[in-house]
Amino acid sequence: MSAILGKKLGMTQIFREDGEVVPVTVIEAGPCPVTAIRKPERDGYSAIQLAFDEVKKGKLSKAEEGHLAKADAAPMRVVVEFRDTTIDNQEEEVTLGQEVTVSNFEAGQKVKVAGISIGKGFQGTVKRHNFSRGPVSHGSHNVRAPGSIGASAYPARVFKGMRLPGQMGNKRATQKGLEIADIDSERNLLLIKGSVPGSRNSIVEIRSDG
């Protein structure tokens, strides 16, 4: 499985040779240096740690900067571990400080993208859970109210997991089965067909789907 970190820049559209219009999400992906290599005999699991989003020196703690310096990497804001990951789709030996770029992927490849979904604040059941509204005529007071949620005297409590109003969005989401429409290696851009989780300029994790 190949993996890389990126920043969601927004959406646009491209035209294929046959004239088909394809909506794509533009992601600035990498280059991401390998900042740590986890091995089963030492760490108990296998993983590769990648860093992304370079910042000025002094923006991170000394411990964070020291960790990145071991891989000769500049200070970077985001560090993520990817389990069962290879470089260049091959079972080759990964080295500390090795850079992962968009050239590790190819057009037409299926990927899954994970990110923090756009937060929508505190929402009611109609918007959050697609409930139907109540009647709006004859003096009804039940237009967008959720209605009864259980018994009164027993069990005299609300069961966990009830679909009720609350915080909507702003949580980790993964979109699977996405296709890479095009790659711009010179500008480190991935053009992924369709939409991906996250707001503009948010950090996303891209993995090969499989």
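First things first, this report covers the structure right here in the doc. A quick note: this is a predicted structure, and the numbers were derived from the prediction, not measured.

Conventions we followed
Residues numbered from 1 in each chain as written. Predicted model: local features only at pLDDT ≥ 70, side-chain atom pairs only at ≥ 80, totals over all residues. Heavy atoms only, no water. Pairing = 2+ DSSP bridges. Helix = DSSP H or I, 4+ residues; strand = E, 2+ residues; numbered from the N terminus. Contact = heavy atoms within 4.5 Å. Axes fitted to C-alpha atoms, helices over the stretch in contact; angles between N-to-C directions. Buried < 20%, exposed > 50% of the residue type's maximum accessible area, 1.4 Å probe, protein only. Phe/Tyr/Trp six-rings, centres within 6.5 Å; stacked < 30°, edge-to-face > 60°. Lys NZ or Arg CZ within 6 Å of the ring centre and 35° of its normal. Salt bridge = Lys/Arg side-chain N within 4 Å of Asp/Glu carboxyl O.

1. A word on the sheet that holds strand β4 (residues 47-54)
Taken in spatial order, the four strands of this open sheet run β5-β4-β3-β6, and their pairing is antiparallel. The open sheet has two free edges, formed respectively by β5 (76-83) and β6 (99-100), since each of these has just one partner strand. In this structure, β4 lies alongside β5, joined through seven bridges in antiparallel fashion. Note that in β5 the partner of Q49 across the bridge is E81. Sheet strands touched by helix α2 (residues 62-69): β3 (32-38), β4 and β5. Its angle to β3, the strand with the most contacts, is close to 90 degrees.

2. A look at unusual backbone geometry
What you tend to see is this: most non-glycine residues have negative phi, and most peptide bonds are trans. Note the cis peptide between G30 and P31, where omega equals -5 degrees. Residue P155 follows Y154 across a cis peptide bond; omega there is 5 degrees. Looking at the secondary structure, you find P155 in the loop between α3 (125-129) and β9 (166-168). The backbone phi angle of H138 is positive, close to 55 degrees, even though this residue is not glycine. Counting through the fold element by element, H138 comes out in the loop between α3 and β9. For H138, a relative accessible area of 82% translates into the label exposed. Phi at N201 takes a positive value of approximately 70 degrees, unusual for a residue other than glycine.

3. A look at the packing of aromatic side chains
If you walk through the whole model with that rule in mind, you get zero aromatic pairs. Just above the ring of Y45 sits the side chain of R83; from NZ or CZ to the centre is 4.1 Å.

4. Quick look at the pairing of strand β11 (residues 189-193)
With respect to burial, β11 is a largely interior element, four of its five residues being buried. Bridge analysis of strand β2 (residues 21-29) against β11 gives five bridges, and the strand direction is antiparallel. For V24, the partnering residue across the bridge sits in β11 and is K193. Alignment of strand β10 (residues 172-184) against β11, held across four bridges, turns out to be antiparallel.

5. Overview of the sheet that holds strand β12 (residues 203-208)
Spatial strand order, β1-β2-β11-β10-β7-β12: six strands in a closed barrel with antiparallel pairing. Strand-to-strand twist across the sheet, computed as the mean angle between neighbouring axes with direction ignored, equals 50 degrees. Relative to β12, strand β7 (residues 110-116) runs antiparallel, the two being bridged by four bridges. Note that in β12 the partner of V113 across the bridge is I206.

6. A look at the pattern of salt bridges
If charged atoms from side chains of opposite charge come close, those side chains can pair. Counted by the stated rule, this structure contains seven salt bridges. Of the charged contacts in the structure, one is a salt bridge between E20 and R16, with a shortest N-O distance of 3.6 Å. For R16, a relative accessible area of 29% gives the class partly exposed. When the shortest N-O distance is used, the salt bridge between R77 and D53 registers 3.2 Å. Within this pair, whereas R77 is found in strand β5, its partner D53 is found in strand β4, the two being separated by 24 residues in sequence. Judged by relative accessible area, D53 falls into the buried class, the value being 18%.

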